[in-house]
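Chain and residue survey
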Amino acid sequence: MLRISNISKSFGIVKALDNINLEIDNGEFFSLLGPSGCGKTTLLRIISGFELPDNGEIILNEQNITNTKPYNRPTNLLFQSYALFPHLNVIQNISYGLQREKISKIEIDKRVNAIMEKTSLNGLQDRKPIELSGGQMQRVALARCLVKEPKILLLDEPLSALDKSLKEKMKIELKKIQKDFKTTFIMVTHDQDEALVLADKIAVMDNGEIIQVDSPKILYSSPKNYFVANFIGKMNFIEFNASNNETNTANKKLLNSGIIKDKNSKSILGIRPEDIYLTINETLNFEFEAEIIHVAYHGQEVELIAKSDLGFGEISIKADKSFHNVEKNSKISCFCNINSFKIY
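Residues numbered from 1 in each chain as written. Predicted model: local features only at pLDDT ≥ 70, side-chain atom pairs only at ≥ 80, totals over all residues. Heavy atoms only, no water.

Turning our eyes to something else, we now look at the environment of lysine 15. With respect to the secondary-structure elements, lysine 15 resides in strand S2 (residues 14-24). Spatially, the C-alpha atoms of lysine 15 and arginine 139 are 35 Å apart, while their sequence positions differ by 124 residues. Here lysine 15 is in contact with Lys9 and Ser10, once residues within four sequence places are set aside. (Helix = DSSP H or I, 4+ residues; strand = E, 2+ residues; numbered from the N terminus. Contact = heavy atoms within 4.5 Å.)

Read from one edge to the other, the open sheet built from three strands follows the order S11-S12-S17, with strand pairing classed as antiparallel. On the outer flanks of this sheet lie strand S11 (236-241) and strand S17 (342-343), each paired with one strand and no other. Of the pairings in the sheet, the one linking strand S12 (residues 266-271) to S17 comprises two bridges and is antiparallel in character. What sits directly across from glycine 270, in S17, is lysine 342. (Pairing = 2+ DSSP bridges.)

This part covers the packing of aromatic side chains. Inspection of the entire model under this criterion finds seven aromatic pairs. Taken together, a centroid distance of 6.2 Å and an interplanar angle of 40° make the contact between phenylalanine 286 and phenylalanine 288 tilted. Note on phenylalanine 288: relative accessible area 3%, which makes it buried. Here phenylalanine 286 and phenylalanine 341 contribute two aromatic rings whose centre-to-centre distance is 5.8 Å and whose plane-to-plane angle is 85°, an arrangement assigned as edge-to-face. Residue phenylalanine 286 is found in strand S13 (residues 286-298), and its partner phenylalanine 341 is found in the loop between strand S16 (331-336) and S17; the two are separated by 55 residues along the sequence. Of the two residues, phenylalanine 286 and phenylalanine 341, both sit in the buried class. Pairwise contacts between aromatic rings join Tyr226, Phe237 and Tyr344 into one cluster. Directly above the aromatic system of phenylalanine 181 lies the positively charged group of lysine 118, at a separation of 4.8 Å from the ring centroid. (Phe/Tyr/Trp six-rings, centres within 6.5 Å; stacked < 30°, edge-to-face > 60°. Buried < 20%, exposed > 50% of the residue type's maximum accessible area, 1.4 Å probe, protein only. Lys NZ or Arg CZ within 6 Å of the ring centre and 35° of its normal.)

One finds Ile94 and Leu155 to be the most contacted residues of the largest nonpolar core, which totals 41 residues. Top contributing element to this core by residue count: helix H4 (residues 134-146), with six residues. Among all residues touching isoleucine 94, those that are not within four sequence positions of it are Val112, Ile115, Met116, Leu121, Val140, Ala143, Arg144 and Val147. In this structure, Ile238, Phe288, Ala306 and Ala319 belong to the second largest nonpolar core, which totals 26 residues. (Core = buried A, V, L, I, M, F, W, Y, C linked by side-chain atoms within 4.5 Å.)

Right, let's talk about the sheet that holds strand S14 (residues 301-308) for a bit. Spatially, the four strands line up as an open sheet ordered S15-S14-S13-S16, and their pairing is antiparallel. The open sheet terminates on both sides in strands that have one partner only, identified here as strand S15 (314-320) and S16. Neighbour-to-neighbour, the strand axes of the sheet open up by a mean angle of 50°, direction not taken into account. (Axes fitted to C-alpha atoms, helices over the stretch in contact; angles between N-to-C directions.)

Further remarks concern a nonpolar patch on the surface. Side chains of Phe11, Ile13 and Val14 sit close together on the surface and give an oily, nonpolar patch of about 350 Å² of accessible area. Among the secondary structure elements, valine 14 is positioned in strand S2. (Patch = residues over 30% accessible without salt bridge, like charges linked within 9 Å, V, L, I, M, F, W, Y side chains within 5 Å. Areas by Shrake-Rupley, 256 points an atom, 1.4 Å probe, with all protein chains shown as cover. Salt bridge = Lys/Arg side-chain N within 4 Å of Asp/Glu carboxyl O.)

Our focus in this paragraph is helix H5 (residues 164-181). The terminal C-alpha atoms of H5, which comprises 18 residues, lie 26 Å apart, in line with the 26 Å expected from a rise of 1.5 Å per residue. Residues of H5 that are buried: Lys167, Met170, Lys171, Glu173, Leu174, Lys175, Ile177 and Gln178. Looking at the buried residues of H5, the elements they touch are strand S3 (29-33), helix H3 (105-118), H4, strand S7 (152-156), strand S8 (184-189) and helix H6 (192-198). Of the residues flanking the end of H5, it is lysine 182, one or two places downstream, whose phi is positive at about 55°. (Expected span 1.5 Å × (residues − 1).)

Written as structure tokens, this is what we have:
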């Protein structure tokens, strides 16, 4: 549906985007994910028409819209601040764009009533923005965008203004709304959890470049490189230095395990906290010792921060709540499958 071809953009000497190429399918929930300053918001603004690229093309349904004005594009942008009109009530905010298009009152009423029901806003029609909660304001902003029936809805950090509990609730609501309307959503976020929960596909960006584009499952389980592995979820990294393999006990353990295939290499190994177990079974073939430094209680789950005898700094281990009372400085045995390690 949307093809982003060879898009570059600079601001003075700063290169915000460097030869970006992406394809986004119709009805897809797509996320642009990356740290602050990586270029994701600039790309969103180019798609919406608020910025023009230095070179490259934006193709929507085989039509070149690179130089089309924002108000003539079949896209709508949900701002991070929601940008509701404070002097208008809910219905007036939602219907504003339709009134500007001089659509008949009958059609406006029909579309506004339908969108209010789908976004659970019935009963709030006469309230001003100041009388709404954060979640309600977000739904009004969403309704105002969706009532115009855009082909693409662009979302700039849509959950950043919400507190943690409301954010969790709105993730579910946002995903449901997107599936109900079958509209293509493109969301910018620096929050990896938001992207993993909401998106069908994620593009990880850094320094104006696309590093990896994949489904959340593939991104998490098979990160392309060290940057993606470090940015998506929590990863324990262990450095193997071939020059120390004769004298370093940890290096010998890694060599003997068969994890390291090339004994002359210098590698960084990564393993997820949930791939480290505290009980042994027949599928686990690598064991190491660790000393507890800190215990973080998360309800049904406990995070153990430990120093391993692999010798490369602190590691994170997920455990059940039975380990809540484990004492600091106590020693534990850890088990994992050598296939759980990724090498970078």
